[in-house]
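# Descriptive structure summary
So you can see what is in the structure, the chains are spelled out below.
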Amino acid sequence: MKSKSVKKLLIMVLFLLATVSYLSAQGPVKVSGRITDDLKEPMLGVSIVEKGTTNGVMSDLNGNYSLSVQQGATIVFSYIGFVTQEKKAVAGVMNIQLKEDTKTLEEVVVVGYGVQKKSSVTGAISQVKAEDLENRTISNAPAALQGKTAGVQVIQTSAAPGASPTVRVRGYSSNASSNPLYVVDGIRLSDISGIDPNDIASMEVLKDAASAAIYGAEAGNGVVLISTKKGKAGQGKISYDFQWSSQSLARIPAMLNAEQYIDYMVESQTFTENELRNGWDGVTNTAWTDVAFDNSQMQKHNVSFTNGSENGNYYLSLTYLDNNGIVKGDVDVYKRLTATINSEYAIKPWLKVGTTNQIEKFNIRSVSMNNEYGSLLTSILQLDPLTPDTYAADKLPAHMQTALNNGKHLLKNENGDYYAVSKYYAGEQFHPMIMRDNNIGKNSGFNVNGSIYSDFKPIKDFTFTSRFGYRLSGTRQSSTDLPFYGNSTQSRDYVSLNARSTTSIYYQWENFANYTKSFGQHTVTGMVGMSYQESTNDNVYGSLSANSEDAIKKNDPLFYYLNYGSASATKGVAGEKIRSAKLSYFGRVGYEFAGRYLLQGSLRADAADLSLLPSTNRWGYFPAVSAGWTLSEEEFFAPLKHQVSSLKLRASWGQNGSLAALSNYPYSTDMALKGLYPFGTGNYYINAVAPSSMGNDKLKWETSEQINIGLDARFLKDRLTVGMDYFNKKTKDLLVNGTTPSLIVGGTTSPMNAGNVSNKGWEFELGWRDHIGDFHYSLRANLATLTNEVTYVDPSITRINGVNFHTSTITYFEEGFPVYYFRGYKFKGVDPETGNPMFHDLDNSGDLNDGDLDYIGDAIPDFTYGITLTAGWKGLDFTLFGTGSQGNDIFNCINRPDYAASNKLKEVFYDNRWTADKKSGTVPRAGAQNMDKYQTSDALVYDGSFFKIKQIQLGYTLPKTWMKKIFVNNLRVYGSLDDFFTFTKYPGFDPEAAANSTSGMGVDKGSYPCSKKVVLGLNIEF
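Note that the structure is a prediction, hence the values are computed from the model and not measured.

## As for the overall build of the protein chain
Regarding its fold elements, the protein chain presents twelve helices and 59 strands. Relative to its length of 1022 residues, the protein chain is compact, with a C-alpha radius of gyration of 34 Å against a globular reference of 31 Å. When its C-alpha atoms are laid out on the principal axes, the protein chain stretches across 140 × 75 × 70 Å. Residue burial in the protein chain is summarised as follows: out of 1022 residues, 51% are buried. For the protein chain, the proportion of contacts with a sequence separation of at least 24, taken over those separated by at least 6, is 70%. A gap of 11 Å separates the mean positions of the 97 positive and 101 negative side-chain charges of the protein chain.

## Things to note about the environment of Ser663
Examined against the element boundaries, Ser663 turns out to sit in the loop between strand S34 (644–658) and strand S35 (671–678). For the pair formed by Ser663 and Ser611, sequence separation is 52 residues and the distance between their alpha carbons is 6.3 Å.

## A look at the environment of Asn801
Examined against the element boundaries, Asn801 turns out to sit in strand S44 (residues 800–801). Asn801 sits in the partly exposed class, given a relative accessible area of 48%. Each C-alpha atom, one on Asn801 and one on Phe813, is 6.5 Å from the other, the two residues being twelve residues apart in sequence. Not counting residues within four places of it along the chain, the set of residues in contact with Asn801 comprises Thr809, Thr811, Tyr812 and Tyr820.

## Some remarks on unusual backbone geometry
Positive phi values are uncommon outside glycine, yet Asn664 reaches one of about 55°. Its location among the elements puts Asn664 in the loop between S34 and S35. Non-glycine residue Asn844 carries a positive phi angle of around 55°. Note on placement: Asn844 falls in the loop between strand S50 (837–839) and strand S51 (854–857).

## Here's the deal with the pairing of strand S19 (residues 296–308)
The alternating pattern of S19 places Ser296, Met298, Lys300, Asn302, Ser304, Thr306 and Gly308 on a buried face and Gln297, Gln299, His301, Val303, Phe305 and Asn307 on a face that is not buried. The pairing of strand S18 (residues 237–249) with S19 spans eleven bridges and is classified as antiparallel. Within the sheet, the bridge partner assigned to Ile238 lies in S19 and is Phe305. Here S19 pairs with strand S20 (residues 312–324) via eleven bridges, running antiparallel. Note on S20: the bridge partner recorded for Lys300 is Leu321. Linking two consecutive strands that pair antiparallel, namely S19 and S20, is a turn of three residues.

## Considering the nonpolar core
With 88 residues, the main nonpolar core has Tyr261, Phe293, Phe813 and Tyr934 as its most contacted residues. Looking at this core element by element, the count peaks at five residues for helix H4 (residues 258–267). Ala144, Val167, Tyr182 and Met203 belong to the second-largest nonpolar core, a separate cluster that totals 20 residues.

## Observations regarding a nonpolar patch on the surface
A cluster of nonpolar side chains, Ile772, Phe775, Trp873, Leu876, Leu954, Tyr956, Trp962 and Val973, forms an exposed patch at the surface whose accessible area comes to about 780 Å². Checked against the element boundaries, Tyr956 lands in strand S56 (residues 946–957).

## Focus on the sheet that holds strand S54 (residues 889–892)
Two modes of strand pairing occur in sheets, parallel and antiparallel, and in both the strands are linked by backbone hydrogen bonds. In space, the three strands of this open sheet follow the order S55-S54-S58, with mixed pairing throughout. Each edge of the open sheet is held by one strand with a lone partner, namely strand S55 (941–943) and strand S58 (1003–1004). Looking at chain direction, S54 and S55 are connected through three bridges and run antiparallel. Looking at S55, one finds that Asp889 is bridged to Asp943.

## As for the confidence of the model for the protein chain
Residues with a pLDDT of 70 or more make up 95% of the protein chain, whose mean pLDDT is 90. Taking the mean pLDDT of every element in the protein chain, the minimum, 47, falls on helix H1 (residues 2–25) and the maximum, 97, on strand S24 (residues 418–419). When the criterion is pLDDT under 50, residues 13–25 qualifies, and its contacts beyond four places in sequence or with other chains add up to one contact.

## Topic: the packing of aromatic side chains
Scanning the model with the defined rule gives 34 aromatic pairs in all. Ring centres 4.4 Å apart and planes at 20° place the aromatic pair Phe817 and Tyr821 in the stacked group. An aromatic cluster of three or more residues is present, and its members are Tyr113, Tyr215, Phe512 and Phe586. The ring of Phe946 has Lys948 lying over it, and the distance from NZ or CZ to the ring centre is 5.9 Å.

## A look at the sheet that holds strand S5 (residues 74–78)
The strand order S3-S2-S5-S6 describes an open sheet built from four strands, whose pairing is antiparallel. A single partner strand is all that each edge strand has here, and the edge strands are strand S3 (56–58) and strand S6 (85–88). Across the sheet, the mean angle from the axis of one strand to that of its neighbour is 20°, orientation sign disregarded. Bridge count for strand S2 (residues 47–50) against S3 is three bridges, and the pairing is antiparallel.

## Considerations on the environment of Pro691
By the element assignment, Pro691 lies in strand S36 (residues 685–691). In the structure, Pro691 is positioned 57 residues away from Thr748 in sequence and 8.5 Å away in space, judged by C-alpha atoms.

## So, the side chain of Ser193
Mapped onto the elements of the fold, Ser193 is located in the loop between strand S15 (187–189) and strand S16 (200–206). Take Ser193: its relative accessible area is 13%, and that puts it in the buried class. Separated by 3.0 Å, the side chains of Ser193 and Asp191 make a polar contact. Non-local contacts of Ser193, meaning those with residues more than four positions away in its chain, are made with Ser139, Asn140, Pro142, Ser164, Tyr334 and Arg336.

## What about H4?
When we look at burial in H4, the residues that qualify are Ala258, Gln260, Tyr261, Ile262, Tyr264 and Met265. Buried residues in H4 make contact with helix H5 (273–278) and helix H10 (906–910). For H4, the N-terminal cap is Asn257; the gap from its side-chain oxygen to the backbone nitrogen of Glu259 is 3.2 Å.

## Things to note about the pattern of salt bridges
One pass over the full model with this rule turns up 39 salt bridges. Here Arg650 makes a salt bridge to Asp712, at a shortest N to O gap of 2.8 Å. With a gap of 62 residues between them, Arg650 in strand S34 and Asp712 in strand S37 (residues 702–715) connect regions that are remote in the sequence. Classification of Arg650 as buried rests on a relative accessible area of 4%. Taking the relative accessible area as the measure of exposure, Asp712 reaches 26% and is therefore partly exposed. The shortest N-O distance in the salt bridge between Glu992 and Lys948 comes to 2.8 Å. Here Lys948 lies in strand S56 and Glu992 lies in the loop between strand S57 (970–984) and S58, a separation of 44 residues in the sequence. On the basis of relative accessible area, Lys948 is assigned to the buried category, the value being 2%. Among the charged side chains, a salt-bridge network with shared partners connects Arg188, Glu218, Arg467, Glu510, Lys582, Arg604 and Asp606.

## What about the side chain of Ser496?
Tracing the sequence through the fold places Ser496 in strand S29 (residues 496–519). Not counting the four nearest positions on each side in its chain, Ser496 is found in contact with Ser479, Thr480, Asp481, Leu544, Ser545, Ala546 and Ala551.

Thresholds, definitions, all that
- Residues numbered from 1 in each chain as written.
- Predicted model: local features only at pLDDT ≥ 70, side-chain atom pairs only at ≥ 80, totals over all residues.
- Heavy atoms only, no water.
- Helix = DSSP H or I, 4+ residues; strand = E, 2+ residues; numbered from the N terminus.
- Rg over C-alpha atoms; globule rule 2.2 N^0.38 Å.
- Buried < 20%, exposed > 50% of the residue type's maximum accessible area, 1.4 Å probe, protein only.
- Contact = heavy atoms within 4.5 Å.
- Lys, Arg positive; Asp, Glu negative; His and termini not counted.
- Charge placed at Lys NZ, Arg CZ, Asp CG, Glu CD.
- Pairing = 2+ DSSP bridges.
- Core = buried A, V, L, I, M, F, W, Y, C linked by side-chain atoms within 4.5 Å.
- Patch = residues over 30% accessible without salt bridge, like charges linked within 9 Å, V, L, I, M, F, W, Y side chains within 5 Å.
- Areas by Shrake-Rupley, 256 points an atom, 1.4 Å probe, with all protein chains shown as cover.
- Salt bridge = Lys/Arg side-chain N within 4 Å of Asp/Glu carboxyl O.
- pLDDT = per-residue confidence, 0-100.
- Phe/Tyr/Trp six-rings, centres within 6.5 Å; stacked < 30°, edge-to-face > 60°.
- Lys NZ or Arg CZ within 6 Å of the ring centre and 35° of its normal.
- Axes fitted to C-alpha atoms, helices over the stretch in contact; angles between N-to-C directions.
- Polar contact = N/O pair within 3.5 Å; in protein donor to acceptor, adjacent residues only side chain to side chain.

In structure tokens, the structure reads:
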């Protein structure tokens, strides 16, 4: 018995000894070392984590780390932009060198309601990364797309502070708006100008119908997806970016100087030489660009905080922008404060929640532009050089003294001198500083865009996402019109004012599920979901119009409010609330075999509310299919792998819609008052009502159908990348007003689906990236061609009018021509005997009439392109970026023909003009006949092709061995010349001119020109 007890005790002791030995072998070990990059520089903030646990640290300023882990554990070393390494833990020193991640083939791109590996993409998707946005003087996201990707054109109607350009994806598809859909972190926005570029992680442009079809009725003009920045695990840091720039007028058009002006006016018999010289001091030669413009400054500050772990992350950012434009005085100013708050956290292994938020507060002041009936920018090109900038109060010329004696309000500068009033030119344009000071316009507001979302993963490979998005915005606009005297035809005696307040609320609720399953060489993906959107817009408007006295009780800034209306003021009030909603269902399936064969299909069904379409026709269905073949994964391709690392062919077809032309119950049968009618005996009348529109219960949305064929290739160990696409996009069912059906019974016709447009072209993207020792460089270039044509308009309509120049319509939407082409007389040359312009008599009628009007140009370029060159050597870095357009025309609409005394562009009207001594001149003589027709002819249509060097930047990153002494991780300083060089034949301010972004493309009526900038900047990271 005793021996058995001893035996048991011995066995227990041996077991305990073995357990202790085992536990001792599995105990914690200490690992330490230093982490460096490719240049053997220490790396701060590298995440060092024991795999499968939350046990981890980050490297310090010297790249050093120390971590206790279990013996035999795996340690994960990770840092954004570098290849993650996993190493078995070994007690003692483990030095690690992280390699920069140059394998972009497996990068992911954002698509609708999910992401895809680049290698699996079958649609035409272009990506613009954060590196393309950083350290530029652009203040809004749309400008960042210019020249960075093929097939995307940016139209600039104004380069004024706060102005946002218009984006066009693969052409112009509508007689209404052709704006793309913007989606920021899953939230639809109509305007992304308030998203600060510093906060953007990437921008994806869904160009073909297949990639965009998941957004259905809103994707007919392409989709721009924006992902804002998020925190990264182990990437805790504080960053501060500062930028300052000095801005000045980039190009100064050559105008007539004083002597040239006198010559021209005398030749035209507008004035006699005595009239001009007797009223001129013989010295004054005013350059109105010097009067109106001055050097200005812009400053921008951005601070961000970011951190994360395996369970969650956050990104916080605050940006302040103050941009004072190049017009003298604080009248073209854009001030903006933006904040971004992004965070997500994994509450459970199967549940992650998060939020994204962008907050914007802005203030804008702007000057008048793009108007032949009164524009500060146009006046600079109209005023004569004989008139000085100002007159002293005791030296007023007779016409100004008379106006002053008659009680007119002559405006003064800060020194007390009166702004001059020309005695020669008296039109809608007058002294630019009077135009600046005769009105106080203010525009301010806020925007809050955001979402709250959750990702639910109940089973492997399945994710259900529920996302509530919101957009809250409010704007306040006011305009106070002050008394002034501009000239004998342009003056105001009393103060009047108006103000508007608008509040918009939008929300969307989306629920969708993604499923991915791989088995063997097969991968199947699926996505299905629903979306509900609702928006409301409230606006209130009020005005006080003068009626024989100031509309307000006192002409004082403290009284410039609607509350202080005078008793005699005419008061106006208006306002309404608009609501719209949309319900959608959508789905997508995909199949991939062995990384070689790719197939994807999608379908979206959208229903519009009654404010857009009738109940009988409110549903639209938008299918798409795409396929890809990765030839480089085939066995027969193996011998080429050393030269061609990847080669993929893509093809897609799909349909998208557009809601741009639909609003305010366009299909409805409306009734209107038609006057008073007597009913019965006596003096008794009643208001009569009659139909004012016939209605159209067949109305539906515009639909774009697009075919895309593409190729993606990588050569020479991924150093050379090539992308190529051909697309053919046909848009049908455009909304057209003014059709004439075969039978009309009273009223006018409602809008009809009666127009088609075709866009087709080629897109090319090229990239090269390499290094020679410590010198590394890259080149990226893109080019896109475009052929645009209106292929159908209802036969009852010859053409649809676009914009006017004075009394003449100059752009039209017509079958057989590009969208809103220029139409006018065709200049034949100058009559050598008379110096008058001659025109082609196209209808052989013997005189000039509408039958002689024809196509004389269009604003749509044959191709657009961009090029970006980067280089770096040790701490130095260099960037050169340029973009251009070829084959687009500009219609110069600066000089109205009814004001002969206005100044002239020297190259347009003066150089090489016909004179009695030079009858070979190619420009009509001064004062020639038919100048109204000349100025609406192809003689004033110019080649608008241009190439702009948008950025030349040189930066230097100080050595980290220096920075660690002051606890700084990274410090970079840089200088840049932005928009400094423009190469063009156009004689105006800026070849990127447009009266508006649709019917006024390429029409220059005096748009705000681009400024050149000298930039200094600083990036610091703690």
